[in-house]
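For reference, the chains in residue letters:
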Amino acid sequence: MFAELNDVLNASPQRPDTGKFTLLRDTRTDGSFLVHHFLSFYLRAGCKVCFVALLQSFSHYNIIAQKLGVSLTAAKERGQLVFLEGLKSCLDLWFGEQEEQSGQANPLQFISKSTSDLRALFDFVQVSLTPASSDSWKGPVLLVDDLSVLLSLGATPVAVLDFIHYCRVVVCSQLKGNIVVLVHSNEDSEDEENELVVNSLCHHSDLILWVEGLATGFCKDVHGQIKITRRVSLELTGEQDVVQIYQYKIQDKNVTFFARGLSAAVL
């Protein structure tokens, strides 16, 4: 995890929030560093994590997690991490290698069906995060990287939003856990379905981290801008949302944040 991001968010693995839905949104840049941060954050916090990884392989996430001081292999072995490797699940479906021997339906089986029903994926999440009597983990966490892939695989916006709704009911409301979801976004895009999902999720998120590439193009000292929105208006206290804007630079094992125009290279 990135210590500076924890400071910006006023977060600590010793006291993770509960019942929160966090939306990670990227535009004209790659926001995957936020996924790696929250994955290592919640594993260090001692939470049970279900990671629906639709974009990269397990080895990819594990290599980066090791740089951040976390072993995904060890987390899987001790039962703290349940990892769905979307790439492998898709190949199993496309080449007819259903996991019949395990007696479990493929969580992404909607790909091979005429309807985009994500019930199997929801069932996978629910079974993975429902605590057993012997579990000593803290609140459960669902992490999705990235939700836009479900649309590319043929799921409808309604199916995707229904999936998120039922996950919120189970994970956030019933189990008092957290959900973190990454989506790609481009306001100039003609992908209306993706923008519909993004805008809908924004209205229901407790915390939004929106990273954007610089409008001026590439810069070796400033990699992008992050807009952090705390949706305190959802608490119906009459207060307005709290918005913070920073620029950032990604390093090998860290990310530094600074006010706009105050990069160390400029000063």
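Look above for the structure.
Residues numbered from 1 in each chain as written. Predicted model: local features only at pLDDT ≥ 70, side-chain atom pairs only at ≥ 80, totals over all residues. Heavy atoms only, no water.

(A) Region of interest: the overall build of the protein chain. Secondary structure summary: the protein chain contains nine helices and nine strands in total. Over its C-alpha atoms the protein chain spans a radius of gyration of 18 Å, differing by no more than 12% from the 18 Å that the globule rule assigns to 267 residues. Dimensions of the protein chain, computed from C-alpha atoms along their principal axes, come out at roughly 60 × 45 × 40 Å. Taking all 267 residues of the protein chain together, the buried fraction comes to 49%. Considering only intrachain contacts with a sequence separation of at least 6, the fraction spanning at least 24 residues in the protein chain is 69%. (Helix = DSSP H or I, 4+ residues; strand = E, 2+ residues; numbered from the N terminus. Rg over C-alpha atoms; globule rule 2.2 N^0.38 Å. Buried < 20%, exposed > 50% of the residue type's maximum accessible area, 1.4 Å probe, protein only. Contact = heavy atoms within 4.5 Å.)

(B) Inspection of the sheet that holds strand β6 (residues 207–212) at higher detail. Taken in spatial order, the nine strands make up an open sheet running β3-β2-β4-β5-β1-β6-β7-β8-β9, and their pairing is mixed. Strands with a single pairing partner mark the edges of an open sheet, and in this sheet they are β3 (81–85) and β9 (255–258). Here the average twist between neighbouring strands, direction ignored, is 20 degrees. Examined bridge by bridge, β6 and strand β7 (residues 224–230) share six bridges and lie antiparallel to one another. Its bridge partner being in β7, E212 is matched across the sheet by Q225. Across the sheet, helix α3 (residues 58–67) is in contact with β2 (47–53), β3 and β4 (138–145); its angle to β3 comes to roughly 135 degrees. Running over the sheet, helix α5 (residues 86–94) touches β2 and β3 and is turned about 50 degrees from β3. (Pairing = 2+ DSSP bridges. Axes fitted to C-alpha atoms, helices over the stretch in contact; angles between N-to-C directions.)

(C) Expanded view of the packing of helix α6 (residues 119–129) against helix α8 (residues 157–174). Closest axis-to-axis distance for the α6/α8 pair is 10 Å, and the angle between their directions is 15 degrees. Classified by the angle between their axes, α6 and α8 sit roughly parallel to one another. Every pair of crossing elements has a handedness; the one defined by α6 and α8 is right-handed. Along the contact surface, α6 presents L121, F122, V125, Q126 and L129, while α8 presents F163, Y166, C167, V170 and V171. (Parallel < 35°, antiparallel > 145°, perpendicular 65-115°, else oblique. Left-handed = near helix turned anticlockwise from the far one by under 90°.)

(D) Expanded view of the state of the cysteines. For the coordinates displayed, the defined rule picks out zero disulfides. Lacking any disulfide linkage, C90 is separated from the closest cysteine sulfur, that of C50, by 16 Å. C90 sits in the buried class, given a relative accessible area of 7%. In this structure C202 is not part of a disulfide, and its nearest cysteine sulfur, from C172, lies 16 Å away. (Disulfide = S-S within 2.5 Å.)

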